[in-house]
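Residue-level structure breakdown
Listed below, chain by chain, are the residues.
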Amino acid sequence: MSSIKRKNLTPVQQQYQDFARAREPQRPIIRNCIRAFITGGTICTLGQGIQLFFMTYFNFDEKTAGDPTVAVLILISVTLTSLGLYDHIAQWGGAGSAVPVTGFANTIASASLDHKSEGLVLGVGGNMFKIAGPVIVFGVFSAFIVAIISVIITSLGGV
Amino acid sequence: MLQGHQSWIFKSKPVIIGSAAIGGPFEAQGNLAKDFDLLHGDIWLGQDSYEQAEKKFLEQACETAIKKAGLKKEDVQFFLSGDLINQIIPSSFTARTLAVPFLGIYGACSSSIEGLSLASMIVDSGFAQNALVGTSSHNAASEKQYRYPTEYGAQKPPTAQWTVTGAGAAVVAQQGQGPRVVSATIGRVIDMGLSDPFNMGAAMAPAAVDTIEAHFRDLNIDPSHYDLIATGDLGKVGHRIAGDLLTKHGLNIPVEKLTDCGILMYKEDQPVFAGGSGCACVATTTFGHLLNRMRRRELKRMLIIATGALLSPMSYQQKETIPCVAHAVAIEV
């Protein structure tokens, strides 16, 4: 816990929190990291396989094969989410299944599924970006800032 | 009658003449499966939404409890109920179906015991012959309401708890056969500054301890008075903290006497993290398993302390800490 947050607590609260923390099971960080590595690695290897497939059997090169590869991964992720399997993979794999594009697809599919009962417009439409929304907002915003910095550096005669 | 600072003694000892527990598929695989009146293989119950499914659970629990009590719903004067969904709609909509005068209550996961204390008070004071108390919770509906979408892939820590899908109900009456409610202790709201909704056990344990201590102080009895002291849904983490905290405060309850509904509900190999939670956890464990044990005379006196975390998804996002409450009820045969 941060020291600022702790400062707002009374001594009794601080004492209790130390007492409680000593009796709580900790997150198994090392095990989580290893599992995330395996899960994330598997997803990326699968993606690489799909990309090679598109390059070998279809008329794609390394650059253009990216789009259909992502589309296939998203399709797989959404299918697994709809079958109720993705959350089990995620409980095991943690960040390994959350960080790749499959995790992003899962946030949108799961929110849409949950809010289907409130109708297509207000339910699915209004809630599908509940978790993915912030990612898009801050992703676009950071890209914008980076682009401006890049333009300034280039116009000043940089790389 | 008020006893001590915050406890009630029910002189007429209202009788629980009928009680029912309804569960979902995950509860059917659990430890207490044989104590449920009805177990469903599907969490949807043929409804269009999780919320409607939860209402169906509660309706079935209430109808079964009334039937087991040998009554008709016209014989029940008041219905007290609460749940975890916004504006307690499963409870209100069940009250619409039952058409019994209704008092909606909210005490998060402590709602069942809050309802049982109030129903006992209404019956004891002669304001009703029969009162019905019910509560429900639904795993998917709670996930949707409090956390992430149900199918969202987020990794939960070992301190998290699993919301029970089901409902429990009981009919409290002036006359009849069955376990009797003898006293109740209403808890204070305790906030120890914890703010992690994935660690409710640690947040709620101090509230449970405060109410247990108040109960023994007000009634001037000691833990040996009871055969079983069961806390609400503290789970493994909160149960351990509460046990140690009670010992630290000088109240020694033997390990075999102190248990927790969140631990009793599921088997060791079920992936429920620290244990069960939700309104239905205490409700189905008490109104099903524990009352059945009393009817079999395995237990003579028991104390149930239901704990509730009084947070909302908004209060959590606004960085508020989690206030918790616990209410206790003593039942004997």
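Residues numbered from 1 in each chain as written. Chains lettered and ligands numbered in written order. Predicted model: local features only at pLDDT ≥ 70, side-chain atom pairs only at ≥ 80, totals over all residues.

**Looking at unusual backbone geometry**
Residue and element names in this part refer to chain B. Phi is positive for I88, close to 35 degrees, though the residue is something other than glycine. By secondary structure assignment, the location of I88 is in the loop between β5 (78–82) and α3 (89–98). Under the C-beta neighbour-count criterion, I88 is labelled buried, with 21 such atoms within 10 Å. The phi dihedral of R297 is positive, around 65 degrees, even though this residue is not glycine. With respect to the element layout, R297 can be found in the loop between α9 (279–295) and β14 (301–309). (Helix = DSSP H or I, 4+ residues; strand = E, 2+ residues; numbered from the N terminus. Buried ≥ 20, exposed ≤ 12 C-beta atoms within 10 Å, placed from the backbone.)

**As for the domain arrangement of chain A**
Residue and element names in this part refer to chain A. Along its sequence, chain A is organised into domain 1 (30–128) and domain 2 (129–159). Put simply, the middle of domain 1 and the middle of domain 2, counted by C-alpha atoms, are 24 Å apart. Contacts between domain 1 and domain 2 engage six residues on the former and five residues on the latter. In terms of residue count, the dominant contributor to the side of domain 1 that touches domain 2 is helix α7 (residues 101–114) (four residues). Each residue belonging to the side of domain 1 that touches domain 2 can be placed in one class, and the counts come to four nonpolar, two polar and no charged. (Domains from an automatic or database assignment. Contact = placed C-beta atoms within 7 Å. Nonpolar A, V, L, I, M, F, W, Y, C, P; charged D, E, K, R; others polar.)

**Comments concerning α3(B)**
One turn of the α-helix equals 3.6 residues, which is why residues spaced by three or four share an orientation. Residues and elements named next belong to chain B. Taken residue by residue, α3 has P90, S91, T94, A95 and L98 as its buried positions. Seen end-on, α3 carries its buried residues on one side only, within an arc spanning 135 degrees. Its buried side turned inward, α3 meets α2 (50–68), β5, β6 (102–104) and β7 (130–137). (Arc of directions from axis to C-beta.)

**Thoughts on the interface of chain A and chain B**
The partner chain B presents 25 residues to the 28 residues of chain A that form the contact. Among the elements of the structure, α2 (11–21), α5 (86–93), α6 (95–98) and α7 of chain A are those that each provide at least two residues to the side of chain A that touches chain B. Of the residues that constitute the side of chain A that touches chain B, the class distribution is 11 nonpolar, 12 polar and five charged.

**Comments concerning the confidence of the model for chain B**
The predicted structure's coordinates, where accompanied by low pLDDT, should not be read in detail. This prediction gives chain B a mean pLDDT of 96; 100% of its residues lie at or above 70. Two numbers describe this predicted complex: its pTM, 0.94, and its ipTM, 0.89. (pLDDT = per-residue confidence, 0-100.)

**Describing the packing of α2(B) against α3(B)**
All names here are of chain B. Running from N to C, α2 and α3 cross one another at 50 degrees; their axes reach a closest spacing of 9 Å. Considering their axes alone, α2 and α3 lie oblique with respect to each other. Two packed elements cross with a definite hand, and for α2 against α3 that hand is right-handed. Contacts between α2 and α3 involve E51, E54, K55, L58, E59 and C62 from the first element and I89, P90, S91, F93, T94, T97 and L98 from the second. Class assignment for the residues of the contact of α2 with α3 results in six nonpolar, three polar and four charged. (Axes fitted to C-alpha atoms, helices over the stretch in contact; angles between N-to-C directions. Parallel < 35°, antiparallel > 145°, perpendicular 65-115°, else oblique. Left-handed = near helix turned anticlockwise from the far one by under 90°.)

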